[in-house]
Amino acid sequence: MDFPVTFHIFGKTILAHPLFEAAGIFTGMRYYFYLKRKSAEKMSFNTSAAVLIGATAGALIGSKLIGNLENPYALFENFSFKRFWTNNTIVGGLAFGLIGVEWAKKIVGHKESTGDLIVFPLILAIIIGRVGCFLTGIYEETYGIPTNSVFGMHLGDQYLRHPVALYEIAFLIVLWIVLKIIKEKNEFPSGFIFQLFMITYFSFRFMLDFIKPKVDLIAGLGTIQLVCIAVIFYYFFKLKSTKVVNSP
């Protein structure tokens, strides 16, 4: 396979990543609305709209802010609005999307958890997006460091590299299966599946970034890893207070 994989649309050559990212968002949203129609948990229009707006605004701001802060030196030394707008990371989108949802829920006075329904659409969207990351190779910063391991692949240069996008896809498929099994047991309160997804995914991303190119900021950790630590701690304490529904 030759990297990057490109598509020719209306006379323009487009990398696979933005196309698969858009396809992932669209498919994930359609799956979410499908699950929402089937769900027994109903929210008012005002609550649904507030949560959607909060999640979208938070994710948009967070994905670009954290994406650009992965290399803060390049951001501040030679600022480019185009580069700022095109730099994204799902870690920032999830972390700030969470903040946006919590603020929106406070504004409309909604106290119940709203996260479980979005978990599997999120996983689906990320998997589709990561296919695009893999097909783009080294031409966007979603590749791994050089390796001599059996998993090494040529992604567009002379080095064998960790195919981190494929690692993440495999992890997410396994996580989907595990979370589905836990959900079907129906032993935990609303919101538990989302909490488990967040702490598990962010733990995985923390470890994955050790085999990705990064700018070290504090104690050998990059921006994404620092965000992961904050989210992991937050959900660790939330999970500690979660009780089994059927417990005495």
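As shown above, the structure is provided for reference.
Treat the numbers as computed from the prediction; the structure is a model and nothing was measured.

Conventions and cut-offs
- Numbers given to residues run from 1 along each chain, matching the order in which its sequence is written.
- Only residues with pLDDT of 70 or above have their local features reported here, since the model is predicted, and side-chain atom pairs are shown and tallied only from 80 upward, although totals for entire chains, interfaces and linings are computed over all residues.
- Where side-chain values are given, they derive from all heavy atoms of the structure, hydrogens and water being excluded.
- Every helix listed is a DSSP run of H or I at least four residues long, and every strand listed is a run of E at least two residues long, numbered separately from the N terminus.
- The contact definition used throughout considers only heavy atoms, calling two residues in contact when any of these lie within 4.5 Å.
- We get accessible surface area from the Shrake-Rupley algorithm with a probe of 1.4 Å; when it comes to residues, only the shown protein chains can shield them.
- Residues scored as positive are Lys and Arg, those scored as negative are Asp and Glu, and His as well as the terminal groups of each chain are ignored.
- Each charge is placed at NZ for Lys, CZ for Arg, CG for Asp and CD for Glu.
- Between N-to-C directions, angles span 0 to 180 degrees; the directions come from axes that are lines fitted to C-alpha atoms, helices contributing only their stretch in contact.
- Should an angle lie under 35 degrees it is considered roughly parallel, over 145 roughly antiparallel, and from 65 to 115 roughly perpendicular; all remaining angles are considered oblique.
- By definition, any crossing whose near helix is turned counterclockwise from its far helix by less than a right angle is left-handed, and any crossing with a clockwise turn is right-handed.
- Following the grouping adopted for this structure description, the nonpolar residues are Ala, Val, Leu, Ile, Met, Phe, Trp, Tyr, Cys and Pro, the charged ones are Asp, Glu, Lys and Arg, and the polar ones are all others, Gly among them.
- Residues are called lining when one of their atoms sits within 4 Å of a cavity or pocket point, these points coming from a 1 Å grid over the protein atoms alone, where a cavity is a set in which a 1.4 Å probe fits but cannot get out and a pocket is an open set with protein on both sides within 12 Å along at least five of seven lines.
- Grid points are joined across faces, edges and corners, and a volume is the space filled by probe spheres set on the points.
- Grouping buried Ala, Val, Leu, Ile, Met, Phe, Trp, Tyr and Cys residues that are joined through side-chain atoms within 4.5 Å yields what is termed a nonpolar core.
- Only protein chains enter the area calculation, which uses a 1.4 Å probe; residues under 20% of their type maximum are buried, those over 50% are exposed, and those in between are partly exposed.
- Each pair of strands is called paired provided DSSP finds at least two bridges between the two strands.
- Classification of ring pairs uses Phe, Tyr and Trp, with its six-membered ring standing for Trp, and accepts pairs whose centres are within 6.5 Å; under 30 degrees between planes counts as stacked, over 60 as edge-to-face, and the remaining range as tilted.
- Two limits define a charge over a ring: the Lys NZ or Arg CZ must be within 6 Å of the ring centre, and within 35 degrees of the ring normal.

Trainee: Before we move on, can you summarise the overall build of the chain with the specific residues and values?
Mentor: The number of helices and strands found in the chain is nine helices and four strands. When the helices and strands of the chain are placed in sequence order, the string is β-β-α-α-α-α-α-α-β-β-α-α-α. Along the longest, intermediate and shortest principal axes, the C-alpha atoms of the chain span 60 × 40 × 35 Å. In the chain, the share of contacts with a sequence separation of at least 24, taken over all contacts with a separation of at least 6, comes to 66%. Total accessible area on the chain stands at roughly 14200 Å², and carbon and sulfur atoms take up 67% of it. Averaging the locations of the 23 positively and 16 negatively charged side chains of the chain gives two centres separated by 8 Å.

Trainee: Give a detailed account of the packing of helix 7 (residues 164-185) against helix 8 (residues 192-208), specifying residues and quantitative values.
Mentor: Direction vectors running N to C along helix 7 and helix 8 enclose 160°, while the axes themselves pass 11 Å from each other. Relative to helix 8, the element helix 7 lies roughly antiparallel. In this structure, the crossing between helix 7 and helix 8 has a hand that is right-handed. Of the residues in helix 8, those touching helix 7 at Val 164, Tyr 167, Glu 168, Phe 171, Leu 172, Leu 175, Leu 179, Ile 182 and Lys 183 are Phe 192, Ile 193, Leu 196, Phe 197, Thr 200, Tyr 201, Phe 204, Arg 205 and Leu 208. Split by residue class, the contact of helix 7 with helix 8 holds 14 nonpolar, one polar and three charged.

Trainee: Kindly report on the layout of surface pockets, identifying the contributing residues and their values.
Mentor: Counted as a void, the second largest pocket has a volume near 690 Å³. Lining the second largest pocket are 26 residues, with Ser 39, Glu 41, Asp 116, Leu 117 and Lys 183 positioned closest to its centre. Residue assignment for the lining of the second largest pocket shows that the elements contributing at least two residues are helix 1 (16-38), helix 6 (116-136) and helix 7. Here the lining of the second largest pocket takes four residues from helix 1, the largest share from any one element.

Trainee: With reference to specific residues and values, describe the nonpolar core.
Mentor: With 39 residues, the main nonpolar core has Ile 123, Leu 172, Leu 179, Phe 197, Met 198, Tyr 201 and Phe 202 as its most contacted residues. Per-element accounting of this core gives the leading share, twelve residues, to helix 8. Those residues in contact with Tyr 201 that lie beyond four places of it in its chain are Ile 90, Leu 94, Ile 126, Arg 130, Glu 168, Phe 171 and Leu 172. Formed by eight residues, the second largest nonpolar core is a distinct cluster that contains Phe 3, Ala 16, Leu 135 and Leu 155.

Trainee: Before we move on, can you summarise the pairing of strand 2 (residues 12-15) with the specific residues and values?
Mentor: By the bridge criterion, four bridges tie strand 1 (residues 6-9) to strand 2 in an arrangement that is antiparallel. By the bridge assignment for strand 2, Thr 6 is matched with Leu 15. The antiparallel hairpin formed by strand 1 and strand 2 contains two residues in its connecting segment, where Phe 10 sits at a positive phi of about 50°.

Trainee: Lay out the packing of aromatic side chains in plain terms, naming residues and giving numbers.
Mentor: Scanning the entire structure with this criterion turns up 15 aromatic pairs. Look at Phe 3 and Phe 134: their rings are 5.4 Å apart centre to centre, the planes differ by 80°, and that puts the pair in the edge-to-face class. Here the residue Phe 3 occupies a position in the segment before strand 1, and Phe 134 occupies one in helix 6, the gap between them amounting to 131 residues. Through a chain of ring-to-ring contacts, the aromatic side chains of Tyr 31, Tyr 34, Phe 120 and Trp 176 assemble into a single cluster. A cation over a ring is seen here: Lys 180 above Phe 120, with NZ or CZ 4.8 Å from the ring centre.

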